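Each chain, written out:
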Amino acid sequence: MKAIQAVQRIHDLAPGVEAFHEAVIAGLSAVPKTLSCKFLYDATGSRLFDRICTLPAYYPTRTEWGILRAHARDIAAAAGPAAGLIEFGSGAGHKIRLLLAALRDPALYIPIDISRTHLLASAQTLSAAFPQLPIVPVCADYTQSFVLPDMRNYCPGRLVGFFPGSTIGNFTPEEMNEFLRRTAQLLGEGALFIVGVDLPKAKAVLEAAYDDPQGVTAAFNLNLLRRINRELKADFDLATFRHEARWDAAAGRIEMHLTSQIEQMVSIAPHRIHFRRGETIHTENSHKYDLETFMNHAEATGYKSLASWTDTQRLFALHMLEVKR
Ligand SMILES: C[S@@+](CC[C@H](N)C(=O)[O-])C[C@H]1O[C@@H](n2cnc3c(N)ncnc32)[C@H](O)[C@@H]1O
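Residues numbered from 1 in each chain as written. Predicted model: local features only at pLDDT ≥ 70, side-chain atom pairs only at ≥ 80, totals over all residues. Heavy atoms only, no water.

1. Observations concerning the packing of helix H2 (residues 43–52) against helix H8 (residues 216–232)
Here comes step 1: The N-to-C vectors of H2 and H8 enclose an angle of 160 degrees; their axes lie 9 Å apart at closest approach. If you check the angle between H2 and H8, you find them roughly antiparallel. You can see that H2 and H8 cross each other, and the crossing is left-handed. Contacts from Thr44, Gly45, Leu48, Phe49, Arg51 and Ile52 in H2 reach Val216, Thr217, Ala219, Phe220 and Asn223 in H8.
Here comes step 2: Grouping the amino acids of the contact of H2 with H8 by side-chain chemistry returns six nonpolar, four polar and one charged. (Axes fitted to C-alpha atoms, helices over the stretch in contact; angles between N-to-C directions. Helix = DSSP H or I, 4+ residues; strand = E, 2+ residues; numbered from the N terminus. Parallel < 35°, antiparallel > 145°, perpendicular 65-115°, else oblique. Left-handed = near helix turned anticlockwise from the far one by under 90°. Contact = heavy atoms within 4.5 Å. Nonpolar A, V, L, I, M, F, W, Y, C, P; charged D, E, K, R; others polar.)

2. Examining the sheet that holds strand S9 (residues 253–260)
Here comes step 1: If you trace the four strands from one edge of the open sheet to the other, you get S2-S12-S9-S8, paired in mixed fashion. Both outer strands of the open sheet, strand S2 (33–34) and strand S8 (241–248), are each paired with one neighbouring strand and no more.
Here comes step 2: Direction of pairing for S8 relative to S9: antiparallel, over a ladder of eight bridges. Bridge pairing in S9 links arginine 246 to glutamate 255.
Here comes step 3: Sheet strands touched by H8: S8, S9 and strand S12 (280–287). Its angle to S9, the strand with the most contacts, is close to 55 degrees. (Pairing = 2+ DSSP bridges.)

3. Section: the sheet that holds strand S14 (residues 316–323)
Here comes step 1: Strand order in this open sheet of eight strands is S1-S5-S4-S3-S6-S7-S14-S13, and the pairing throughout is mixed. Both outer strands of the open sheet, strand S1 (11–12) and strand S13 (303–310), are each paired with one neighbouring strand and no more.
Here comes step 2: Note that S1 and strand S5 (residues 138–139) share two bridges and pair parallel. The partner of aspartate 12 across the bridge, within S5, is cysteine 139.
Here comes step 3: Sitting on the sheet, helix H6 (residues 173–187) touches strand S3 (84–88), strand S6 (159–163), strand S7 (192–198), S13 and S14, and the angle it makes with S7 is about 155 degrees.
Here comes step 4: Each of S7, S13 and S14 is contacted by helix H9 (residues 291–300), which is oriented at about 160 degrees to S13, the strand it contacts most.

4. Section: the site of the ligand
Here comes step 1: Taken together, 18 residues form the shell around the ligand, and within it Gly89, Lys95, Asp113, Asp141 and Tyr142 come nearest.
Here comes step 2: Within the backbone of isoleucine 114, an N or O atom sits 3.2 Å from a nitrogen atom of the ligand.
Here comes step 3: Contact distances for the ligand include 3.4 Å between an oxygen atom and a backbone N or O atom of glycine 165.
Here comes step 4: Within the complex, the protein chains bury 94% of what would otherwise be the 590 Å² of accessible surface of the ligand. (Near = heavy atom within 4 Å. Polar contact = N/O pair within 3.5 Å; in protein donor to acceptor, adjacent residues only side chain to side chain. Areas by Shrake-Rupley, 256 points an atom, 1.4 Å probe, with all protein chains shown as cover.)

5. Quick notes on the environment of serine 305
Here comes step 1: Relative to the helices and strands, serine 305 resides in strand S13.
Here comes step 2: Relative accessible area serves as the criterion here: at 24%, serine 305 is assigned to the partly exposed category.
Here comes step 3: For the pair serine 305 and proline 131, spaced 174 residues apart in sequence, the C-alpha to C-alpha distance is 33 Å.
Here comes step 4: Non-local contacts of serine 305, meaning those with residues more than four positions away in its chain, are made with Met295, Glu299, Met320 and Leu321. (Buried < 20%, exposed > 50% of the residue type's maximum accessible area, 1.4 Å probe, protein only.)

6. Concerning the environment of glutamate 64
Here comes step 1: By secondary structure assignment, the location of glutamate 64 is in helix H3 (residues 59–79).
Here comes step 2: Put simply, glutamate 64 and lysine 95 are 31 residues apart on the chain and 8.7 Å apart in space, counted from C-alpha to C-alpha.
Here comes step 3: Look past the residues within four positions of glutamate 64 in its chain and what remains in contact with it is Lys95, Pro164, Gly165, Gly196, Phe316 and Leu318.
Here comes step 4: At 2.7 Å, the side chain of glutamate 64 forms a polar contact with the side chain of lysine 95.

7. Observations concerning H3
Here comes step 1: With 21 residues, H3 ought to run about 30 Å at 1.5 Å a step, and its terminal C-alpha atoms sit 28 Å apart, in line with that.
Here comes step 2: The largest bend along H3 reaches roughly 55 degrees and is located at histidine 71.
Here comes step 3: Of all the positions in H3, only Tyr59, Pro60, Thr61, Thr63, Glu64, Ile67, Leu68, His71, Ala72, Ile75, Ala76 and Ala79 are classed as buried.
Here comes step 4: Buried positions along H3 lie against helix H4 (96–102), S6, S7, helix H7 (203–209), S13 and S14.
Here comes step 5: A positive phi of about 75 degrees marks glycine 80, the residue just after H3. (Expected span 1.5 Å × (residues − 1). Bend = angle between axes of the 7 residues up to and from the residue.)

8. Let's talk about the nonpolar core
Here comes step 1: Core analysis: the largest hydrophobic core is formed by 65 residues, its most contacted members being Ile228, Phe236, Ile268 and Ile281.
Here comes step 2: Beyond its immediate sequence surroundings of up to four residues, phenylalanine 236 is in contact with Leu28, Leu225, Ile228, Asn229, Phe241, Val266, Ile268, Phe275 and Ile281.
Here comes step 3: In terms of nonpolar packing, the next biggest core, distinct from the first, is built from 35 residues, Ile86, Ile110, Tyr154 and Leu159 among them. (Core = buried A, V, L, I, M, F, W, Y, C linked by side-chain atoms within 4.5 Å.)

What follows is the structure, encoded as structure tokens:
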């Protein structure tokens, strides 16, 4: 086995500004207006999301942390020695520390995230805490097909995918199935996939989590317009848009919207986009799945369920899946 050291050169497969422009014009020309939540994460958006994770109303982070801490040894036992870890949407890279500390001689860590600056910073911080661990950051959009760095020389053990944060709920059920199928192929037969999934719960708890009294989630959502202004030379007036979190009971999801408070035209060169008063841009979905529903999706897309754990209040679930052999 080859030895490699610390943080490797970033694999940069992230979409460029042209793809962002194209997606923004297409999304704002559609009815209803929609933008993918992946665009919420520029450097500022990632920092704001990290603040959201510390808010009292935002129960998912601390709850998932507690479940992971309680079951990290179960995961380590299933993974075995010299495992290779691949994290989707790694963000600040806090939760992976619990797994890295529990695993026996982890061989490699590949954090994948679309937010380049944040990805690099968190890889450096993690490397200081785990200096023996080779880290290969991959800046990519995981909704698109991409090739992972070749790991065979570095990773003799089992591959373990990790997708915490209930980020999987950002997909519609159809998109989630497609993502699960693709990751099963990417990880390969016999790999583990550890997925954090938010459970259905009272509307008031959900709405508070996605519209906190401190206004951090509102700033996170509105930052998307600031990003479009900066990167695409647009002229959104942020004071004329308001953040909204809406529970859609039929779809089992919280939606985030940016609502225009006035009728207006916004210029995104060379286009001009019309907004009616009260018209919204739908910027994020966050679907909630009970244990059985999520396991059915996993079973149908190439996985076997090995275990699922929840906290005592049954707010959040952590699933341990195995890619079917
Ligand atoms: C909800 S946050 C979760 C962060 C962290 N995993 C946690 O559990 O706190 C979603 C993360 O996924 C990343 N992300 C969102 N969409 C992505 C995409 N299409 N491709 C790659 N990364 C994405 C974001 O940059 C962000 O770091």
